[in-house]
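Spelled out, the chains give:
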Amino acid sequence: MNTPWLTILWVAPAIGALLVLAIPNRRPEIAKDIALAVSVLVLVLAIGLAVGFDPNGARYQFVEDHSWIPAFGTRYALGLDGIGLVLVLLTAALLPLLILAGWRDADEAGSLDAAGGRVQKTPHTYFALTLAVEAMVLMSFVALDILLFYIFFEAMLIPMYFLIGGFGNGPRRSAAAVKFLLYNLFGGLIMLAAVIGLYVVTVQQGVGHNGAGTFSLRTISDAVAAGDIDSGTGLAKLLFLGFMFAFAVKAPLWPFHSWLPDAAVAATPASAVLMMAVVDKVGTFAMLRFCLQLFPDASQYFAPLICALAVIGIIYGAVLAIGQTDVMRLIAYTSISHFGFIILGIFALTSQGQTGSTLYMVNHGLSTAALFLIAGFLVSRRGSRLIADYGGVQKVAPVLAGTFLVAGLATLSLPGLAPFISEFLVLIGTFTRYPIAAIIASGALVLSAIYILWTYQRMMGGPPKLSDVRASSMRDLAGRELVVVVPLIALLIALGVYPKPLLDIVDPAVGHTLTTVGVHDPPPAVADSPPGGPR
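In this text the structure is predicted, and so the values were computed from the model without any measurement.

1. Section: the overall build of the protein chain
Looking only at helices and strands, the protein chain features 23 helices and four strands. Against the globule reference of 24 Å for 535 residues, the protein chain gives a C-alpha radius of gyration of 23 Å, in line with a compact fold. For the protein chain, the spread of C-alpha atoms along the three principal axes comes to 75 × 70 × 40 Å. Burial statistics for the protein chain: of 535 residues in total, 58% are counted as buried. Of all intrachain contacts in the protein chain linking residues separated by at least 6 positions in sequence, the fraction that spans at least 24 positions is 79%. Between the averaged position of the 29 positive side-chain charges in the protein chain and that of its 29 negative side-chain charges there is a distance of 10 Å.

2. Focus on the pairing of strand β2 (residues 74–80)
Here β2 lies mainly inside the structure; six of its seven residues are buried. Connecting strand β1 (residues 61–69) to the next strand, β2, in antiparallel fashion are four residues, including G73 with a positive phi near 65 degrees.

3. Things to note about helix α8 (residues 173–204)
For α8, with 32 residues, the first-to-last C-alpha span of 46 Å sits near the 46 Å given by 1.5 Å per residue. With its phi angle positive at about 70 degrees, G206 sits one or two positions after the end of α8.

4. Notes on the packing of aromatic side chains
Centre distance and the angle of the planes are the two values used to describe a pair of aromatic rings. If you walk through the whole model with that rule in mind, you get 22 aromatic pairs. A ring pair is formed by Y199 and F215, whose centres lie 4.7 Å apart and whose planes are at 10 degrees; its orientation type is stacked. With a gap of 16 residues between them, Y199 in helix α8 and F215 in the loop between α8 and α9 (217–226) connect regions that are remote in the sequence. Both rings, one in F243 and one in F247, keep their centres 6.2 Å apart while their planes meet at 65 degrees; by these two values the pair is edge-to-face. Remark: F247 and F243 occur in helix α10 (residues 234–250); sequence separation between them is four residues, near one turn of the helix. By relative accessible area, F247 is classed as buried at 0%.

5. Some details on the environment of A478
For A478, the location among the structural elements is in the loop between α21 (469–472) and α22 (480–497). Taking the C-alpha atoms as reference points, A478 and L400, separated by 78 residues in sequence, lie 9.2 Å from one another.

6. Observations regarding the pattern of salt bridges
Evaluated as defined, the whole model comprises 11 salt bridges. Between E29 and K32 there is a salt bridge; the shortest N-O distance is 3.5 Å. You can see E29 and its partner K32 sitting in helix α2 (residues 28–52), three residues apart, about one turn around the helix. By relative accessible area, K32 is classed as buried at 0%. Ionic pairing is found between D504 and K500, a salt bridge with its closest N-O pair at 2.7 Å. With D504 and K500 both in helix α23 (residues 500–517) and four residues apart, this pair spans about one turn of that helix. The exposure class assigned to D504 is partly exposed, which follows from its relative accessible area of 34%.

7. Digging into unusual backbone geometry
Between A251 and the following residue, P252, the backbone shows a cis peptide bond with an omega angle of -5 degrees. Mapped onto the elements of the fold, P252 is located in the loop between α10 and α11 (259–266). Following W254, the chain continues into P255 via a peptide bond in cis, with omega recorded as 10 degrees. Locating P255 in the fold gives a position in the loop between α10 and α11. Although it is not a glycine, F62 adopts a positive phi angle of roughly 55 degrees. Here F62 is to be found in strand β1. Residue F62 is classed as partly exposed on the basis of its relative accessible area of 25%.

8. So, the confidence of the model for the protein chain
Summary statistics for the protein chain give a mean pLDDT of 86 and a share of 92% for residues scoring 70 or more. Across residues 109–119 the pLDDT falls below 50, and counting only partners more than four positions away or on other chains, this stretch makes 17 contacts in the model.

9. Points about the packing of helix α7 (residues 157–167) against helix α12 (residues 269–279)
Interhelical geometry of α7 versus α12 gives an angle of 150 degrees and a closest axis separation of 10 Å. In terms of their interaxial angle, α7 and α12 are classed as roughly antiparallel. As for how α7 packs across α12, the hand of that crossing is left-handed. Where α7 approaches α12, its residues M160, L163 and I164 are matched on the opposing element by S271, L274, M275 and V279. Here the contact of α7 with α12 is built from residues that sort into six nonpolar, one polar and no charged.

Cut-off values and rules
- Residues numbered from 1 in each chain as written.
- Predicted model: local features only at pLDDT ≥ 70, side-chain atom pairs only at ≥ 80, totals over all residues.
- Heavy atoms only, no water.
- Helix = DSSP H or I, 4+ residues; strand = E, 2+ residues; numbered from the N terminus.
- Rg over C-alpha atoms; globule rule 2.2 N^0.38 Å.
- Buried < 20%, exposed > 50% of the residue type's maximum accessible area, 1.4 Å probe, protein only.
- Contact = heavy atoms within 4.5 Å.
- Lys, Arg positive; Asp, Glu negative; His and termini not counted.
- Charge placed at Lys NZ, Arg CZ, Asp CG, Glu CD.
- Pairing = 2+ DSSP bridges.
- Expected span 1.5 Å × (residues − 1).
- Phe/Tyr/Trp six-rings, centres within 6.5 Å; stacked < 30°, edge-to-face > 60°.
- Salt bridge = Lys/Arg side-chain N within 4 Å of Asp/Glu carboxyl O.
- pLDDT = per-residue confidence, 0-100.
- Axes fitted to C-alpha atoms, helices over the stretch in contact; angles between N-to-C directions.
- Parallel < 35°, antiparallel > 145°, perpendicular 65-115°, else oblique.
- Left-handed = near helix turned anticlockwise from the far one by under 90°.
- Nonpolar A, V, L, I, M, F, W, Y, C, P; charged D, E, K, R; others polar.

Okay, structure coming up:
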């Protein structure tokens, strides 16, 4: 009997969450230690899957397929392809660092009760919720049954809602959590209608076991490829929009983005990174796995519109980032711009664009985690998120300032750091099909340099604010904080210099996706030679 590695992968953090909750409240340090140990175990499992994965082998590997709800043709079907694998590795690598980064967040969290007293939140709940999110995200990356994916796609909103509203910062954290939940629930309801509609289509077309209908991604995509289901009809386009709307809200794509800045600022830095670097990737991943494979004709039909929205999001996020006075909100708006690049590469429908987008998901996760967490460490020292309250940090905390600069340069895609190659591939892949979109999107390179370098100059440069005791006595990164930051900086440099290991995993999976959609890279345009031959 084959070992169900993918089930073990997502069940491990789920069981870990229950173990953490079972620890007595008087022993918070044990709860933290268990949460960290479980997250490290999941990372070891993910690395083991990567070692055993053959990029040139079967499209889906470590497959598990068991009957679940036979009446609906629903199965417990899991499988891992190259795109899912790199996102599993990202999730597993970030979680131990986020647990360490948020080691004291639950100790400091609390809310006011009706009498005005502070109700203390326990670390048990905080870390259990974090592990629960990890479990659901990992399941989303390996699910091959549409209904199974949908359940976890929606369920991950609940622990994330409590992380924002229960353990966040500021008086508006409850409102931000509700906004996050309502936006995403509405998108999920639209997707549910599309999931049901797709199932009805499979019943009508006799697709599935004994023609009884199915939710199987592989069965439906094979039927679409064989012409048994027409993905170019008006109904197929409506179903595509139902799926795409939910994923666009989760991603988030402009103009469905407005929940993100509020939620990112209200959450603790570790929870905000969990949301932006991990949870939101489920939306862009699902565009590749479900939208393109289930609705190839509709994907091609709507691709120009989606690319236009992505370009707007790229410029919009960068422009609004420049105008922010709150450093955490500034970083949140940069993520809107970066998600625009990811979605642009996906719907450029080229191998370079989709490879770049997949790599961008990983690199954005690393760069955003580094920048947001370092900014969080800085804010915890000064007690303010306002950029104007800082100055001269590089004089009193040079390591903090230096790592902030490296993370910022990665965010603006400086050559030699990981995001550069992914953004470069997205722009090349887009230019071959939509040159105007690529040219406009390139303008974000200048805008990103403005918001990063200007922010660094205002916060880290100049003389220290010696009149402010807290600023002049600011301590540098040390201990646990360095354990969090150093691996992120190392990965940004390593993948910037040598991205080949990830590209080798991603390229075959992207090729499979484009084959399913039925598109090919545009042939290169070669200018006619002048009279008399080449000169």
